[in-house]
Amino acid sequence: MAIFVNQDTKVIVQGLTGGQGKYHGLRNKAYGTQVVAGVTPGKGGTDVEGIPVYNSVAEAVAATGATASFVTVPPKAASAAILEAAAAGISFIVCITEGIPAQDEARTYNTLVRDFPNVRLLGPNCPGIISPGKCNIGITAGEIAELPSASGPNVGIVSRSGTLTYQALYELKQRGIGVSTCVGIGGDPVPGTSFIDCLREFQNDPETHAIIMIGEIGGSAEEEAAEFIKANVTKPMSAYIAGVTAPAGKKMGHAGAIVSGGKGTAQGKMDALRDAGVKVGQNPTEAGELMAEIVAGLR
Amino acid sequence: MDLFEYQGKQYFARFDIPVSKGDVAHTVDEAVKAADMAGYPVVVKAQVQVGGRGKAGGIKLANNADEVRTHAGNILGMDIKGHVVKRVWVENASDIAEEYYASFTLDRGAKKHLLMLSKEGGVEIEEVAAKNPSAILMLHINPVDGLSAAGAMKAAVDAKIPQNAQQGVADILVKLYRCFTEGDCDLAEINPLILKPTGEVHALDAKVSLDANADFRHPEWEEFKATEELDAREKLAREKGLQYIGLDGSVGIIANGAGLAMSTLDVVNQVGGTAANFLDIGGGANADLMAGALEVINSDQNVKSIFINIFGGITRGEEVAKGIVEALSRVDLRAPIVIRLDGTNAEEGRSILANAGIPESKLTSKPTMLEAARAAVALAK
């Protein structure tokens, strides 16, 4: 088991003919992901190293039966690409595009909620999702993800920050701890998938025995997750929050990463998570060590 | 990007939101000219991006040209909480019957637009929220539906705006919402939104923050960028397309991804060091960007060591390595580099660095973030 995707998930890449799309689409395929088609308007009928390219998502879905899409198109075109995928019957959309205007994100998200309530959007501005050994959609380097073991215990990872998602995978790999699924939800103001969506899935996934959560300063997503954990998550968890030393009022790269008016501080988030029974590390390595202790206890 | 009040008012005017007649002035003479155009009495207002201007003496009423001269002379150059006043906004003074508050932001938790409307304006809205929260109407708006004229009218009624001002307030709400959405604002706030004795409603102040991601569809933002107050390092970084924030420590930081960059700051701090900056070279960083990042760090005299922390996803290890090699050939770095390189094509990257003939006094490689942080901090002492 894994959450959201598995070895049977058929994936199309919107933007496969672009530089990043080709690079990561082919890497995903090489990892073993069923990358069945690419979509680039005007380039239908061509192929990218044997992967057929279609003019529209609808054509690609009709030809391949794909249910997931990897959206890697520029910010200007991303919202339209996401909505096109949803309208064509794709049920799981991963958008890695960075730099989409917040107004577009808010409109796109709420359009999905209204018109396509069964579609899940992951991102935008996220690294994607990997279920080690089964499916890798996005930009994660597959080799840093430890395969889950049949007997467990395996860990689920959910992270708001791209590179810290890799760091978390790496910390577990170093310790030989298997990963069920690793989800990068992205740090933008309106993420399609929240911490809570992932925590709920991990709680219900029999292959996941413990969970690592990586958050960062800004917003209130971690505090909301802490409330959810308190009420609903029985699996043991460790966490790390980036940005303890970030100065207030400064935008730390992500639109999300900003402390304003004393709200959204790392300390407040860590306190909320500790209060919910989560073991909180001071850095990613410590969160990994805490997870190693948890896993040792489960073995 | 935060706008100055005068820029906010100019932006409001594009969406037909009524503001006072006035102009911006950089000198006393310009201020007098602006006042003559606006019509007396006028208000001379310091243009700084910090609250408490009035209390600091940065807002003055002037009844004639001599008074404008005196006040503009005093205010220009004034230091308000560390912000030096370079410009004043001079506008026709308004008679005020009542003061309200209106703003639109994105509520990230609810993933909807949020209208805040209060009949108690003219003071800090946080103060109203603390003392009398029921005086603020908070209304979520679904971005798909938008705000209709009827919806705006209902908001004005629900916020208990007096009847004679409701229509005027509702009209401005619709325009301000357009400014917020079509104008790609993170925040569009009017405080105070005033009712004049003559019955008109009008924006007396403007607080606008723009979403930098929407820059590509707003050529009119160029003039706002020209007045942004960045330090020299931040300016250089922006020219090179880097996310940079200057801090005052001694370890220069380069990382890919905002989260990892923040985490790098945290770890440097934990092992007893201080970061000189936050620098995110972003996803897909190439050799050119890395070389640019090193040039920016090198321009900071406080930097004693440089910690490059890369975990490749989109960013590829060999590109990072090429960038470092190129930067070392292009710039004479004053401080030694400690690098930690992992993820996509990290092996290739490490071998490029190992075979480039860089002396160990200039570059050392460490396998983990913590070890690299310790080494960088030791070098900075």
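Residues numbered from 1 in each chain as written. Chains lettered and ligands numbered in written order. Predicted model: local features only at pLDDT ≥ 70, side-chain atom pairs only at ≥ 80, totals over all residues. Heavy atoms only, no water.

Visitor: In this structure, what is going on with the overall build of chain A? I would like to understand it.
Guide: Helix and strand counts for chain A come out as 9 helices and 14 strands. For chain A, whose C-alpha radius of gyration is 19 Å, the value lies close to the compact-globule estimate of 19 Å for 299 residues. For chain A, the C-alpha atoms occupy an extent of roughly 55 × 45 × 30 Å along the three principal directions. Across the 299 residues of chain A, 62% fall into the buried class. Counting only contacts in chain A whose residues sit at least 6 apart along the sequence, the fraction spanning at least 24 positions is 75%. Here chain A displays about 10100 Å² of accessible surface, and carbon together with sulfur accounts for 51% of that area. Of the charged side chains in chain A, 23 are positive and 27 negative, and the gap between their average positions amounts to 2 Å. (Helix = DSSP H or I, 4+ residues; strand = E, 2+ residues; numbered from the N terminus. Rg over C-alpha atoms; globule rule 2.2 N^0.38 Å. Buried < 20%, exposed > 50% of the residue type's maximum accessible area, 1.4 Å probe, protein only. Contact = heavy atoms within 4.5 Å. Areas by Shrake-Rupley, 256 points an atom, 1.4 Å probe, with all protein chains shown as cover. Lys, Arg positive; Asp, Glu negative; His and termini not counted. Charge placed at Lys NZ, Arg CZ, Asp CG, Glu CD.)

Visitor: I tried to follow the pattern of salt bridges on my own but got confused; where do I start?
Guide: Two side chains with opposite charge may pair up if their charged atoms get near one another. Residue and element names in this part refer to chain B. Summed over the entire model, instances satisfying the criterion amount to 35 salt bridges over all chains. The closest approach of N and O atoms between arginine 69 and aspartate 29, which form a salt bridge, is 3.2 Å. Placement of the pair is arginine 69 in helix H3 (residues 65–75) and aspartate 29 in helix H2 (residues 28–38), with a sequence separation of 40 residues. Look at arginine 69 and you get partly exposed, because its relative accessible area is 38%. On the accessibility criterion, aspartate 29 (53% relative accessible area) is exposed. For aspartate 158, the salt bridge goes to lysine 154, with nearest N and O atoms at 2.7 Å. A residue pair is termed a helical-turn pair when its members lie 3 or 4 positions apart in one helix, as aspartate 158 and lysine 154 do in helix H5 (residues 149–158) at 4 residues. With relative accessibility at 53%, the residue lysine 154 sits in the exposed group. One network of salt bridges, in which partners are shared, links Glu5, Lys9, Lys45, Arg53, Glu91 and Asp205. (Salt bridge = Lys/Arg side-chain N within 4 Å of Asp/Glu carboxyl O.)

Visitor: Would you mind going over the domain arrangement of chain B with me for this structure?
Guide: Interface size is commonly expressed as the accessible surface area that is lost when the partners come together. Taken domain by domain, chain B holds domain 1 (21–92), domain 2 (98–225) and domain 3 (232–380). For domain 1 of chain B versus domain 3 of chain B, the distance between C-alpha centres works out to 44 Å. (Domains from an automatic or database assignment.)

Visitor: Could you clarify how one ought to interpret the state of the cysteines in this entry?
Guide: Should the sulfur atoms of two cysteines be covalently bonded, the bond is a disulfide. Residue and element names in this part refer to chain A. Under the criterion given, the structure shown has 0 disulfides over all chains. Unpaired in this structure, cysteine 126 has its nearest cysteine sulfur neighbour in cysteine 95, at a distance of 7.2 Å. Left unpaired, cysteine 182 is separated from the closest cysteine sulfur, that of cysteine 198, by 9.7 Å. In this structure cysteine 182 comes out as buried when scored by relative accessible area, which is 2%. (Disulfide = S-S within 2.5 Å.)

Visitor: For this particular structure, what's the right way to read the side chain of A:Glu171?
Guide: Looking at the secondary structure, you find A:Glu171 in helix H5 (residues 162–174). At a separation of 2.7 Å, a polar atom in the side chain of A:Glu171 contacts the side chain of A:Gln167. (Polar contact = N/O pair within 3.5 Å; in protein donor to acceptor, adjacent residues only side chain to side chain.)

Visitor: Would you mind going over the sheet that holds strand S6 (residues 88–92) of chain B with me for this structure?
Guide: Strand pairing within a sheet occurs via backbone hydrogen bonds; the two strands may be parallel or antiparallel. Residue and element names in this part refer to chain B. Judged by pairing direction, the sheet is antiparallel, and its 4 strands sit side by side in the order S1-S6-S2-S3 without closing on themselves. The open sheet has two edge strands, strand S1 (22–25) and strand S3 (59–62), and neither has a second partner. Taking each pair of neighbouring strands and ignoring which way they run, the sheet shows an average axis angle of 20°. With 5 bridges joining them, strand S2 (residues 42–46) and S6 adopt antiparallel strand pairing. Looking at S6, one finds that valine 44 is bridged to valine 90. Sitting on the sheet, helix H1 (residues 5–14) touches S1, S2 and S6, and the angle it makes with S6 is about 50°. (Pairing = 2+ DSSP bridges. Axes fitted to C-alpha atoms, helices over the stretch in contact; angles between N-to-C directions.)

Visitor: What is the right way to read the domain arrangement of chain A from this model?
Guide: Residues and elements named next belong to chain A. Once the domains are mapped, chain A shows domain 1 (10–122) and domain 2 (145–298). For domain 1 and domain 2, the distance between their C-alpha centres works out to 27 Å. Each partner contributes to the interface: domain 1 provides 8 residues, whereas domain 2 provides 11 residues. A buried area of about 830 Å², summed over both sides, lies between domain 1 and domain 2, and 52% of it is on carbon and sulfur atoms. In terms of surface lost to domain 2, no three residues of domain 1 exceed Glu105, Arg120 and Leu122, which account for 56% of the buried area on that side. In this structure, arginine 120 engages aspartate 197 in a salt bridge whose closest nitrogen and oxygen atoms are separated by 3.3 Å. Linking domain 1 with domain 2 are 4 residue pairs in polar contact (both at pLDDT 80 or more), by the criterion used here. Elements that contribute at least two residues to the side of domain 1 that touches domain 2 include exactly helix H4 (102–115) and strand S7 (120–122). (Buried area = accessible area lost by both parts, 1.4 Å probe.)

Visitor: Any chance you could explain the nonpolar core here in plain terms?
Guide: One broad rule of soluble globular proteins: the nonpolar side chains tend to lie buried together. The biggest cluster of nonpolar side chains holds 96 residues, and the ones touching the most others in it are A:Ile137, A:Leu199, A:Met213, A:Ile229 and A:Leu273. In terms of residues, this core owes the most to one element, helix H13 (residues 369–380) of chain B, which gives 8 residues. Those residues in contact with A:Ile137 that lie beyond four places of it in its chain are A:Val5, A:Val11, A:Asn28, A:Thr33, A:Ala68, A:Phe70, A:Phe92, A:Val94, A:Pro127, A:Gly128 and A:Ile129. In this structure, B:Leu3, B:Tyr100, B:Leu173 and B:Leu210 belong to the second largest nonpolar core, which totals 41 residues. (Core = buried A, V, L, I, M, F, W, Y, C linked by side-chain atoms within 4.5 Å.)

Visitor: Just to check I follow, could you spell out the sheet that holds strand S5 (residues 68–71) of chain A for this structure?
Guide: Residue and element names in this part refer to chain A. Spatial strand order, S3-S4-S2-S1-S5-S6-S7: 7 strands in an open sheet with mixed pairing. Whereas interior strands pair on both sides, the edge strands pair on one side only; in this sheet they are strand S3 (47–48) and S7. In this sheet, S7 lies alongside strand S6 (residues 92–95) in parallel orientation, the contact comprising 3 bridges. Residue phenylalanine 92 lies in a different strand from S7, and its bridge partner there is arginine 120. Against the sheet, helix H3 (residues 75–87) engages strand S1 (10–14), S5, S6 and S7, with an angle of about 165° to S6.

Visitor: Quick question: what am I supposed to make of the interface of chain A and chain B here?
Guide: Chain A puts 58 residues into the contact, and the matching count from chain B is 52 residues. For the pair chain A and chain B, the two sides together bury roughly 4300 Å², of which 56% comes from carbon and sulfur. Taken together, chain A and chain B are joined by 1 salt bridge. Linking A:Asp104 and B:Arg217 is a salt bridge whose minimum nitrogen-to-oxygen distance equals 2.7 Å. Where chain A meets chain B, there are 21 residue pairs in polar contact (both at pLDDT 80 or more). Counting only elements with at least two residues in the side of chain A that touches chain B, the list comes to helix H1 (19–31), H4, H5, strand S13 (237–242) and helix H9 (284–298) of chain A. In terms of residue count, the dominant contributor to the side of chain A that touches chain B is H4(A) (9 residues). Residue classes in the side of chain A that touches chain B are distributed as 26 nonpolar, 19 polar and 13 charged. (Nonpolar A, V, L, I, M, F, W, Y, C, P; charged D, E, K, R; others polar.)

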